[in-house]
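# Residue-level structural notes
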Amino acid sequence: MATSDLLSRRIMLREEPFVTSASLSARPSRRIPAPNGGLRPAAKGTFGVDGHHYQAYKPRPFTRADRDRVTILFGGLHWRAERVIQGVMENMGYRARILPAPSTRDLQVGRELADIGQCCPTSFTTGNLANFLRAEADRIGADNVANEYVYLTAGACGSCRFGQYHQSYELALRNIGMEAFRIFLLDQRNLNQGSADGGLDLSVPFIAGAVWALIVTDVIQDLEYQVRPYETKAGETERVVRESVDYLYEVFRRRPYRGKKWDAVLWHFGTRYFANALREVRERFHSIEVDRLRVRPIVKITGEFYLQTVEGVPNHDIHRWLETEGAEVYPAAVTLWLDYLLRLTRQKLEDHIGIQRHARLKLGAVRVIQSALRWTYGRMRKALGDVPRALPDQYDLARLAAPYYNSRLTGGEGDMLIGKALWAYHRKKAHMTCELSPYSCMPNTMSIGAMAAVRGRYPDLLYAPIEITGDAEVHALSRCQMVLAEARKRAQQEYEDALESTGLSDAQVRSALEQSPQLRRAAYRIPHYGVVAGSAANLVLYIAANRQSC
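Residues numbered from 1 in each chain as written. Predicted model: local features only at pLDDT ≥ 70, side-chain atom pairs only at ≥ 80, totals over all residues. Heavy atoms only, no water.

### Details of unusual backbone geometry
One non-glycine residue, Asp386, lies in the positive phi region at around 60°. Within the fold, Asp386 resides in the loop between α15 (359-383) and α16 (394-401). Non-glycine residue Lys428 carries a positive phi angle of around 55°. Looking at where Lys428 falls in the secondary structure, it is placed in the loop between α17 (416-426) and β9 (432-438). (Helix = DSSP H or I, 4+ residues; strand = E, 2+ residues; numbered from the N terminus.)

This is how it looks when you write it as structure tokens:
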């Protein structure tokens, strides 16, 4: 056999999935995906494991004519953001459906159907999609599933396996005999729908609605996690959050139409529509009674985007686990990730001034967009009484990380992981940082390595890096628990030091709480003074500073 034929066969073997006898029997005999997403007979004389050339996955186009009968599947965020984005899509005239929350079974199926070496976010999302499609195929048939659903997911390139996620999805589709199902990737540059007449129009109203949905649900999530550890009636915060998110879903679903371009932009920035909705949410939270004198260590969550964002099985439900262990969670805001992407764009344009045409003009435009994003986030915080935390400054994070991590290394969250850990430590925002990384994730491995130098300089910085495979829960959580034990001690010592420095006793502080009912309301803002991290210690400082009014 000629060398070229051997090389061709090796390529075919590498691309062909490992399949079970069951999946082989489910696959059409001597048929391969056609360019339009259907199936066509293989040409004679081709090579491959089953005698066929490998054909790259190319879905049938999703057109405007499909919009009224095709449902767009999506997921990968926390449930609040998914629910409100569903309202945005329905507002724009799309049929949208959120995929079920990922489960352990999804992890197992994802590993069975696709590359075993993929990271756990890929395994979870691959298995989650495959299990949903199988269930729907049993209900309405595989052909109807291929015609009635499309899957919209994120895609990108870079120094990690995220750029190859879609190949795992395609491999799973082949293994379950659903090559005709359509998957479309949305990256930072475009959305290829296989047709100029795309069914999903990334218009200004759509993008603005999605961004505002992320901002609104970020501040809701932050408020929720500040309240739940201190609620006096268990389950009250959960009830209020569920009601509030359903209310916001309706707010976004009924969003007024204000034009396609600049009119829509100006309306979103100028309207009180969303701020008024959050004021209504604030009233709901105000009904929750809290006891902020419960001493809780604050744990800042960072890490790979998917694992730090989702809540549930993929990250061992670490947010709720930390709460059961007596901690207050400081969640990761999706808006901060958008802010980071804008900072990278600014950085690139700054480097190209004098080289790239109009680089200075583009830089000015990006600066305006970034400032507008942060202003909008601050406006939504204000509608909730400024109780949700402010976004950290991107350039503060970059300066803190600079001695340990080059800002030009942009894979994953880049220098932001280092910057956030140092920011939480120096600015007294949290007692410890928990970084969630997929198994053998290269960008996060780099940040964990850089953190070794950080911890060498700041040995009292509490940092718990957790490498998540999806099925080693006890091992992962036990590592976090060891660091959390020290964080508990620091939070308690911080509270006692606050009492001593103010000359107050625990009994006097509790008496002040009894005399000031507003301090027991969840939506009442207790300032963060920047000298202590814990909510209880900051409350002591606030009472001491306002003794007469309290």
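Now that the structure has been shown, the text picks up again.
### Some remarks on the packing of helix α9 (residues 236-253) against helix α11 (residues 273-286)
Geometrically, a packed helix pair is captured by the angle between its two axes and the distance between the axes. Packing of α9 against α11 brings their axes to within 10 Å, and their N-to-C directions diverge by 160°. By the angle between their directions, the pair α9 and α11 is classed as roughly antiparallel. In the crossing of α9 with α11, the sense of the turn from one axis to the other is right-handed. Mapping the contact onto sequence places Thr237, Val240, Val241, Glu243, Ser244, Tyr247, Leu248, Val251 and Phe252 in α9 and Tyr273, Phe274, Ala277, Leu278, Glu280, Val281, Arg284 and Phe285 in α11. In terms of residue class, the contact of α9 with α11 is built from 12 nonpolar, 2 polar and 3 charged. (Axes fitted to C-alpha atoms, helices over the stretch in contact; angles between N-to-C directions. Parallel < 35°, antiparallel > 145°, perpendicular 65-115°, else oblique. Left-handed = near helix turned anticlockwise from the far one by under 90°. Contact = heavy atoms within 4.5 Å. Nonpolar A, V, L, I, M, F, W, Y, C, P; charged D, E, K, R; others polar.)

### Observations regarding the pattern of salt bridges
According to the stated counting rule, one finds 31 salt bridges in the structure shown. The partner of Arg69 in a salt bridge is Asp66, with the nearest N and O atoms 2.7 Å apart. Given a relative accessible area of 8%, Asp66 falls into the buried group. One salt bridge in this structure joins Asp386 and Arg381, with 3.8 Å as the shortest N-O distance. On the accessibility criterion, Arg381 (15% relative accessible area) is buried. Each of Arg80, Glu224, Arg228, Glu238, Arg242, Glu311, Arg320 and Glu323 takes part in one network of salt bridges that share partners. (Salt bridge = Lys/Arg side-chain N within 4 Å of Asp/Glu carboxyl O. Buried < 20%, exposed > 50% of the residue type's maximum accessible area, 1.4 Å probe, protein only.)

### Examining the sheet that holds strand β8 (residues 328-330)
In spatial order, the strands read β8-β7-β9-β10; together these 4 strands make up an open sheet with parallel pairing. Every other strand in the sheet has two partners, leaving β8 and β10 (463-468) as the edge strands with one partner each. Averaged over all neighbouring strand pairs, the angle between strand axes comes to 25°, with direction disregarded. In the sheet, strand β7 (residues 298-303) pairs with β8 via 3 bridges, with the strands oriented parallel. (Pairing = 2+ DSSP bridges.)

### Focus: the pairing of β9
Each regular strand shows side chains that alternate between the opposite faces of the sheet. For β9, the buried fraction is high: 7 of the 7 residues fall into the buried class. Relative to β9, β7 runs parallel, the two sharing 5 bridges. Within the sheet, the bridge partner assigned to Gly303 lies in β9 and is Leu436. Relative to β10, β9 runs parallel, the two sharing 6 bridges.

### Side note on the environment of Thr502
Note on placement: Thr502 falls in helix α19 (residues 473-502). On the basis of relative accessibility, which here comes to 14%, the residue Thr502 falls in the buried class. Expressed as a C-alpha distance, the spacing of Thr502 and Val540, which sit 38 residues apart in the sequence, is 7.9 Å. In this structure Thr502 touches Val540, Leu541, Ala544 and Arg547, once residues within four positions along its chain are discounted. Here the side chain of Thr502 touches Ala498 through a polar contact of 2.8 Å, landing on its backbone oxygen. At 3.1 Å, the side chain of Thr502 and the backbone oxygen of Leu499 are in polar contact. (Polar contact = N/O pair within 3.5 Å; in protein donor to acceptor, adjacent residues only side chain to side chain.)

### Some words on a nonpolar patch on the surface
Residues Leu409, Met442 and Met446 make up a contiguous nonpolar surface patch of roughly 250 Å² in combined accessible area. With respect to the helices and strands, Met442 occurs in helix α18 (residues 442-457). Judged by relative accessible area, which is 45%, Met442 ranks as partly exposed. (Patch = residues over 30% accessible without salt bridge, like charges linked within 9 Å, V, L, I, M, F, W, Y side chains within 5 Å. Areas by Shrake-Rupley, 256 points an atom, 1.4 Å probe, with all protein chains shown as cover.)

### Some thoughts on the nonpolar core
Membership of the largest hydrophobic core comes to 81 residues, with the highest contact counts inside it found for Phe252, Leu278, Phe285 and Ile418. Among the elements that take part in this core, helix α8 (residues 204-227) stands out by supplying 11 residues, more than any other. Here Leu278 is in contact with Val216, Val219, Ile220, Leu248, Met380, Ala383 and Leu384, once residues within four sequence places are set aside. Counting 27 residues, the second largest nonpolar core, distinct from the first, contains Leu107, Trp321, Ala476 and Leu484. (Core = buried A, V, L, I, M, F, W, Y, C linked by side-chain atoms within 4.5 Å.)

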